Amino acid sequence: MSAPSDVATPTTPATGAARRRSRLARGALAAAAIAYVALLLLLPLIGIVTKAFEPGVSIIGDTLSRPEVRHAFLLTGIITVITVAVTTFFGLVVAWVLVRQRFLGRALMNAVVDLPFALSPVTVGLAAVLLFGTGGWFTDFVAARGIQVLFALPSMVLVTIFICIPFTIREVVPVLEEFGLDEEDASRTLGASIWQTFRRVTLPNIRWALLYGVALSTARAIGEIGAVLIVSGTISGKTETATIYIFSALEERLEAQAHVVALVLAAVSIVLLVGIEWLHRRNELERSRT
Amino acid sequence: MSDAAQTVSGRSTARWAPHRTAAALRHLGLRGAAIVYLGAMVAVPVAAIVSSGFGDGLTSFRTALAIPYAWTAIRLTLITAAAATVINAVMGTLLAWVLVRYRFPGRRVLSSMVDLPMAIPTLVTGLMILTLYGPNAPIGKFLDRFGIQVAFTWVGILLALCVVTLPLVVRQVQPVLLELDPAEEEAAATLGAGAWLSFRKVVLPAVRPAIVGGALLTFARCIGEFGSVVLVSGNIAGKTLTAPVFIYQLANQFRPAEAAAIATLMFTISFVLVLVTARVTRRVEV
Amino acid sequence: MSLRTNPIRWATLALVPILALSACGSGTADGATTCDGLPDQPTISFAAYSTPREAYGKIISAFKSSWKDEHDGQEVIFQESYDGSTLQASRVVSGYEADVVALSLGPDVDQIADAGLITHDWTTEADGGMVTTSVVVFDVRPGNPLGITDWNDLTKPGVEVLTPDPASSGGARWNLVSAWGSALRGYGGATKDDEAGATTLMQGVLGNVLAYDSSARKSIQNFEDGNGDVAITYENEVLTAQAAGKEDEAVYPPSSVLIENPVTVVDTNVDKHCVREVAEAFVEYLHGDEAKQIFADAGYRSTDLATAQKGGGDFPAIEDLWDVDEFGGWDALTGKLFGDTGIVTQAQTG
């Protein structure tokens, strides 16, 4: 079976008049689709670019030179890196266990993986408050060790990890299911160790799915607002991520700065999107090969 | 985007019978790591929410719902989510159809744009909408002349939800449309069926599970949406305050038990939906 | 088994530094119980209520330069956060290690003191611990189309009122105390000392509230977004908005409570972070002339009651200015208005 093309040929009607009607109908449908996307996405994107540059190009330099803005981007970066590292690593472990092992409770584990998608991010932040706030389950435990969780980096990382858990797992599991068992068996029979098999046989198989999951997690971690807003305390220069900075700047009536930071995030997302699209296509291509 | 949550198929079985203790330990070690990871990172927080919300029976739940605008917030959330779901079910299917069946310049760009809401922060989406449809913005001012206000009304909420969930139905339906054998539609055309009839009787039944799956995902996503809605809606209790923003306010005010009660209600709804989606979209795969 | 062939060890070993990194990244000093003088670059964690961010932005810059000059170029870092006063107090109690708190009203500072984090009597500091004062005003649309002059105008049918939520915002409590007190003093269309009449007035106003935002700043911004007919807020908020080019217009009810905003050092945290010297210097600076000038320019009145009432410049004279002690202080007022059976609580949940 050849790789699927991403356009299927439409059926052509018989008579000339019918063809004209069909062309009109097709044109109208395409126009409606394009108009919908334009209204919802394209125009607002243009709007934000315009609004950001309203005070002049110098606003970019002004905003990006502010220490609190720089710290916000840095913080977003740190949280994202830690989150993606943890969720990718352990995501692989979980995916492996789900696909290659059979045990009682496997279906439950599978369901638990989906839980983060069912929760609103604010609920995740709330959970952190319940666990580490006044009278929380772990409050005394961390206080005794002098670790600050809430209103500091650890809680922000923890909530972002929670939210990003499903991405890697959901992308890798189908690929692991479809491929590789025979190859892995062969490799083991030939004397390779578990680790060698994983590195040389499994990893190349799931490579694109894994990267796709990483890209999705990255985008999600960068964009997180609801949960981090609750746990961070919005301390400028300490616990403000880029998204939280936008939120705070609007409150400070620094609309121009808020728009610049939003624009930067939008630009980063678009770059990520290109990567996501490309990886998605590679992933689909790999999955459709026999 | 790949398919929704998958139940692990029965096809891949662990065929290595661990005949050595070391191998068995490795297996268990990995399983233990997975259990600890998911247990600590997912199960514990969710348990905290449920136990806080319903730890003392229904008291917190009743107190939370007794707050005058709590029910209104929940109702508003469910209604706007349902509306956005219907809109995106229709437009999503349309978009998938156009992207799959038609060739036109800019098709690739359109396809990528559809995925944009997955990559862009929801807060930025909200800001984008305000920038264009806000009270002092171009389109906003234009619509104001006709008495239509977008920002700080349910219209804005609906718009935000539609933008944010745009890709969900499209990405469920697209692969199904690609797999569809054009022979059936050609047969229908030969028999004299018009395009619409052919679509209704041949295509729709085939994509319906995908649409339903996408719709359920959309709904679940909508009832938890925060970033875009908090900027666009104005959060006016009783009018434009949604459940997620309400939970945020309660959590922020250190009223965790009440927040947890509402949160548990909302996430039970979405969790059930996500599980059902898994069933439904599995049937799509052949 | 070597690392190469055992990924489980890998996993465990990889996890440790990641967790350790997270825990260490909290930015606070290691739990040293004795301080050896200040750190090289002292960091002050500053928690304030939502409205004075512009004023403190300037004051903090001025303080930093002044400290730098006096201390051999030593840089002090400030990490500021602004939000509803009660929210900030709750956060400090919950673990937000603020070194200096600048809140909207005394009870919020007391909340932190009751949790054992403030161990000195802050009310014995200069100016009774207060750094700024203000009055309650009505923020109206340009030209005051509804002709609002006093509290009873807010009870009229169809008038949409904005005020923050007393559970999270200090400004909200000032607003409502002012309404209550003004009525009892015979203003706002009420009769002097008539509690029943005052209660009716409060219920009338609260019945017209369109939205309770979580902080004073959020409330006024909600108003600026076009929602509501009138926002009850601090005088300094309207002046700040006007300075930012917004169309806010203040109407001064004849009677107002004297809003007094406290600032103090949080003992447990300054000692933990070893920054007491800087923190106390900062609080002292706030009572100094430079800071007073910046506050005045930012729309805050003087801590001296007579001066505050007289006004001058941008500040109109207030006909009847009184403080919370007229009604038994915050303890009595909180019980009467905001307790479980309080008038406001009843009206909000009714």
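Owing to the predicted nature of the structure, the values given are computational and were not obtained by experimental measurement.

Participant: Got a sec to walk through the domain arrangement of chain C? Specific residues and values, please.
Facilitator: Residue and element names in this part refer to chain C. Each assigned domain of chain C is listed here: domain 1 (43-132 + 261-297) and domain 2 (136-257 + 319-349). When each unit is reduced to the centre of its C-alpha atoms, the spacing between domain 1 and domain 2 is 27 Å. Listed by partner, the interface residues are 15 residues for domain 1 and 19 residues for domain 2. Listing elements by their share of the side of domain 1 that touches domain 2, those giving two or more residues are helix 3 (85-93) and helix 4 (106-114). Counted by class, the side of domain 1 that touches domain 2 contains five nonpolar, seven polar and three charged residues.

Participant: Tell me what's going on with the interface of chain B and chain A, and back it up with residues and numbers.
Facilitator: Listed per partner, the contact involves 86 residues of chain B and 91 residues of chain A. Top element by residues in the side of chain B that touches chain A is helix 1 (residues 21-54) of chain B. It accounts for 16 residues. Broken down by class, the residue content of the side of chain B that touches chain A amounts to 61 nonpolar, 15 polar and 10 charged.

Participant: How would you explain unusual backbone geometry if you had to name every residue and give the values?
Facilitator: With glycine set apart, most residues show a phi of negative sign, and most peptide bonds adopt trans. Although it is not a glycine, N235(B) adopts a positive phi angle of roughly 50°. Tracing the sequence through the fold places N235(B) in the loop between helix 11 (227-232) and helix 12 (243-252).

Participant: Please give an account of the sheet that holds strand 7 (residues 209-213) of chain C that cites residues and values.
Facilitator: Strand pairing in a sheet relies on backbone hydrogen bonds, with the paired strands running either antiparallel or parallel. Residue and element names in this part refer to chain C. A sheet is described by the order of its strands in space; here five strands give the open sequence 7-6-8-5-9, paired in mixed fashion. Two strands close off the open sheet at either side, each with one partner strand: strand 7 and strand 9 (249-251). Taken over all neighbouring pairs, the strand axes of this sheet differ in orientation by 35° on average, direction set aside. The pairing of strand 6 (residues 161-164) with strand 7 spans four bridges and is classified as parallel. Residue pairing in the sheet places L162 in a bridge with A211 of strand 7. Along the sheet, helix 8 (residues 235-243) contacts strand 5 (136-140), strand 8 (230-234) and strand 9; its crossing angle with strand 8, the most-contacted strand, is approximately 105°.

Participant: Residues and numbers for the domain arrangement of chain A, please.
Facilitator: Residue and element names in this part refer to chain A. Domain annotation for chain A reports domain 1 (16-53) and domain 2 (57-288). Relative placement of domain 1 and domain 2: their C-alpha centres are 33 Å apart. The interface is formed by six residues belonging to domain 1 together with six residues belonging to domain 2. Of the residues assigned to the side of domain 1 that touches domain 2, the class counts are five nonpolar, no polar and one charged.

Participant: Any chance you could break down the sheet that holds strand 1 (residues 43-48) of chain C for me, citing the residues and the numbers?
Facilitator: Residue and element names in this part refer to chain C. Here we have five strands laid out as an open sheet, ordered 2-1-3-11-4, and mixed in their pairing. A strand with exactly one partner marks an edge of an open sheet, and here the two such strands are strand 2 (77-82) and strand 4 (130-134). Adjacent strand axes in the sheet meet at a mean angle of 15°, parallel and antiparallel pairs treated alike. In terms of strand pairing, strand 1 meets strand 2 through six bridges, oriented parallel. Paired with I44 across the bridge in strand 2 is F78.

Participant: I'd love a proper account of the packing of helix 7 (residues 153-178) of chain A against helix 9 (residues 194-223) of chain A, names of residues and values included.
Facilitator: Residues and elements named next belong to chain A. Between helix 7 and helix 9, whose axes approach to 8 Å, the crossing angle comes to 160°. Accordingly, the angle class assigned to the pair helix 7 and helix 9 is roughly antiparallel. Here helix 7 and helix 9 pass one another in a crossing that is right-handed. On helix 9, the residues touching T160, I163, C164, F167, T168, E171, V172, V175 and L176 of helix 7 are N205, I206, A209, L210, Y212, G213, V214, L216, S217, R220 and A221. Of the residues assigned to the contact of helix 7 with helix 9, the class counts are 13 nonpolar, five polar and two charged.

What counts, and at which threshold
Residues numbered from 1 in each chain as written. Chains lettered and ligands numbered in written order. Predicted model: local features only at pLDDT ≥ 70, side-chain atom pairs only at ≥ 80, totals over all residues. Domains from an automatic or database assignment. Contact = placed C-beta atoms within 7 Å. Helix = DSSP H or I, 4+ residues; strand = E, 2+ residues; numbered from the N terminus. Nonpolar A, V, L, I, M, F, W, Y, C, P; charged D, E, K, R; others polar. Pairing = 2+ DSSP bridges. Axes fitted to C-alpha atoms, helices over the stretch in contact; angles between N-to-C directions. Parallel < 35°, antiparallel > 145°, perpendicular 65-115°, else oblique. Left-handed = near helix turned anticlockwise from the far one by under 90°.

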